[in-house]
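What follows is the residue order along each chain.
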Amino acid sequence: MSRNMHGFGAMIKKLKQSPKKIVFTEGSDPRILEAASRLLASNFLTPLLVGTQEEVEEAAEEYGYNIRGAQIIDPAKFEKIDEMVEMLCELRKSKNLQPERAREILLQGNYFGTMLVKMGYADSLLGGATYTTADTIRPALQLIKAKPGHNIVSSCFILVRPSATGENEVLAMADCAINIKPNEDELAEIAIEAAKCGQLFGIDPKVAFLSYSTLGSGAGEDVDKMHNAALKAKALNPNLPISGEMQFDAAVSPRVARTKCPDDPVAGHANVFIFPDINAGNIGYKIAQRMGNFEAYGPILLGLNSPINDLSRGCNADEVYSMAIITAALVDEELE
Ligand SMILES: CC(C)(COP(=O)(O)OP(=O)(O)OC[C@H]1O[C@@H](n2cnc3c(N)ncnc32)[C@H](O)[C@@H]1OP(=O)(O)O)[C@@H](O)C(=O)NCCC(=O)NCCS
């Protein structure tokens, strides 16, 4: 598979060559139904809608979406439920999960949907239209797990600002959604993964570890953390332009960079931003989205064995449609 998907056109082309199946854990949500009806009409991605047949069909009827061809799967009537219970107990045997409790857990769309991916009934999953991020991600962490060689699962947002010239501005920000207070090693891993993800969207990565200090201008524990994390990331990939710690203005403004750190190879031109913690990251990407006119795609989960992604509960149908395409296009995509 290509290293660079470079936007939706390439992703859709990839999916047309090799159509995938995606689970939607909230099958009767009107935004999911609208996106599913568009996907069904385009024929490159088959939606599996979790919910009862009546509930999903009634909602589709009520909101006027044609979901003919979608597979609706009711956890309470799933014919392979015994097999699923057995597999879930095996996966969670270290937590001593018993079949009776496993059967209860599997009535929840988030766990049931994740097990559909685990058992190979679907390639990918998109949830979170009504579930919180934690409730969407936790089953993936517990059951799908991190890929070999990864210490953590992390996430990034891809931010796209359309330009009048047609040359979109594309940035990556991480980790804005999963790891609450990553340590230096985790930050280094987050940076490497976010840079690889950025490449799939056409970014030529220049990675800045963000702080309130630029290369020693300020002092403190968090400054040291970001500085050391940048060094660790460089050790992981010496070929990648990585720098920090760095203030946001020095990272993005060539003029400020000339004053604060004129010889730095990243400063002034950074396009992959690593935040010290989830507070900074989550606030930061939303500022770019709400005040900087960037479209935000994500969180895209990095380092999981199968692509599972989370929606914002405030999402609209367009965002569900876009995230479904991104999620399915990540199947078989080696973020190496
Ligand atoms: C992701 C998150 C839900 C996990 O926390 P949690 O539910 O308390 O999970 P636990 O610490 O009990 O871990 C559950 C499992 O996931 C694993 N896990 C947790 N974080 C992980 C990570 N970053 N990478 C890989 N595995 C992880 C644990 O090892 C554990 O595995 P086990 O059950 O097999 O032992 C939590 O970090 C979180 O809430 N993050 C913020 C989410 C959020 O609100 N984002 C903002 C909105 S976008």
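The rules behind each value
Residues numbered from 1 in each chain as written. Predicted model: local features only at pLDDT ≥ 70, side-chain atom pairs only at ≥ 80, totals over all residues. Helix = DSSP H or I, 4+ residues; strand = E, 2+ residues; numbered from the N terminus. Expected span 1.5 Å × (residues − 1). Buried ≥ 20, exposed ≤ 12 C-beta atoms within 10 Å, placed from the backbone. Contact = placed C-beta atoms within 7 Å. Near = placed C-beta within 6 Å. Nonpolar A, V, L, I, M, F, W, Y, C, P; charged D, E, K, R; others polar. Pairing = 2+ DSSP bridges. Axes fitted to C-alpha atoms, helices over the stretch in contact; angles between N-to-C directions. Domains from an automatic or database assignment. Core = buried A, V, L, I, M, F, W, Y, C linked by C-beta atoms within 7 Å.

> Looking at this structure, how should I read helix H13 (residues 317-329)?
Compared with the 18 Å implied by 1.5 Å per residue over 13 residues, the 18 Å span of H13 between its first and last C-alpha is a close match. Every buried residue belonging to H13 is among Val320, Tyr321, Met323, Ala324, Ile325, Ile326, Thr327, Ala328 and Ala329, and all of these are buried.

> Would you explain the environment of Phe294 in this entry?
Topologically, Phe294 is positioned in the loop between helix H12 (278-291) and strand S10 (295-302). Among residues more than four places away in sequence, those in contact with Phe294 are Leu159, Val160, Arg161, Ala288 and Gln289.

> Would you mind going over the site of the ligand with me for this structure?
Inspection of the region around the ligand gives 15 residues, with Ala134, Leu141, Ile152, Val153 and Ala177 positioned closest. When residues in the shell around the ligand are grouped by element, the largest group, six residues, is from helix H7 (residues 133-144). By residue class, the composition of the shell around the ligand is ten nonpolar, four polar and one charged.

> Just checking my understanding: could you explain the sheet that holds strand S3 (residues 71-73) for this structure?
Hydrogen bonds between backbone atoms are what pair the strands of a sheet, whose relative direction is either parallel or antiparallel. With parallel pairing, five strands are arranged side by side in an open sheet as S3-S2-S1-S4-S11. The strands lining the two open edges of the sheet, one partner per strand, are S3 and strand S11 (308-310). Averaged over all pairs of adjacent strands, the angle between strand axes in this sheet comes to 25°, irrespective of strand direction. Examined bridge by bridge, strand S1 (residues 20-24) and strand S4 (residues 124-127) share three bridges and lie parallel to one another. In the sheet register, Ile22 faces S4, and the bridge partner there is Ser124.

> Help me understand the environment of Glu100, please; the structure alone is not making it clear to me.
Residue position: Glu100 is located in helix H5 (residues 99-105). Placed eleven residues apart in sequence, Glu100 and Cys89 show a C-alpha to C-alpha distance of 9.8 Å.

> I keep staring at unusual backbone geometry and nothing clicks. Help me out?
Trans peptide bonds make up most of the peptide bonds, and negative phi angles are found at most residues other than glycine. The residue after Gly244, namely Glu245, is reached through a cis peptide bond having omega 5°. Topologically, Glu245 is positioned in strand S8 (residues 242-246). The phi dihedral of Asn43 is positive, around 75°, even though this residue is not glycine. With respect to the helices and strands, the residue Asn43 is situated in the loop between helix H2 (30-42) and strand S2 (45-50). In this model, Asn96 sits at a positive phi of 60°, which is unusual for a non-glycine residue.

> What exactly am I supposed to notice about the domain arrangement of the chain here?
The accessible area lost on association of the parts is a frequent measure of interface size. Segmentation of the chain into domains returns domain 1 (8-145 + 304-329) and domain 2 (154-291). Taking the mean C-alpha position of each, domain 1 and domain 2 sit 31 Å from one another.

> Would you mind going over the sheet that holds strand S6 (residues 169-174) with me for this structure?
Strand order in the open sheet formed by six strands is S8-S7-S9-S6-S5-S10, and the pairing between neighbours is mixed. Bordering the open sheet on either side are S8 and S10, each of which pairs with just one other strand. Direction aside, the axes of adjacent strands within the sheet are offset by 20° on average. Taken together, the six bridges between strand S5 (residues 154-161) and S10 define a ladder with antiparallel strand orientation. Pairing of Leu159 across the sheet is with Ala296, part of S10. Along the sheet, helix H8 (residues 184-200) makes contact with S5, S6, strand S7 (207-210), S8, strand S9 (272-274) and S10, crossing S9 at roughly 160°. Set on the sheet, helix H9 (residues 221-236) makes contact with S7 and S8; between it and S8 the angle comes to about 175°.

> Is there a simple way to think about the nonpolar core in this case?
Inside soluble globular proteins, nonpolar side chains tend to come together where they are buried. Counting residues in each nonpolar core, the largest one holds 103 residues, and the members touching the most others are Met173, Ala191, Ala194, Ile274 and Ala324. Among the elements that line this core, the one with the most residues is H8, at nine residues. The residues that make up this core include at least three from each of domain 1 (8-145 + 304-329) and domain 2 (154-291). With residues near it in sequence (within four places) discarded, Ile274 still touches Ala174, Leu187, Ile190, Ala191, Ala194, Val207, Ala208, Phe209 and Leu210.

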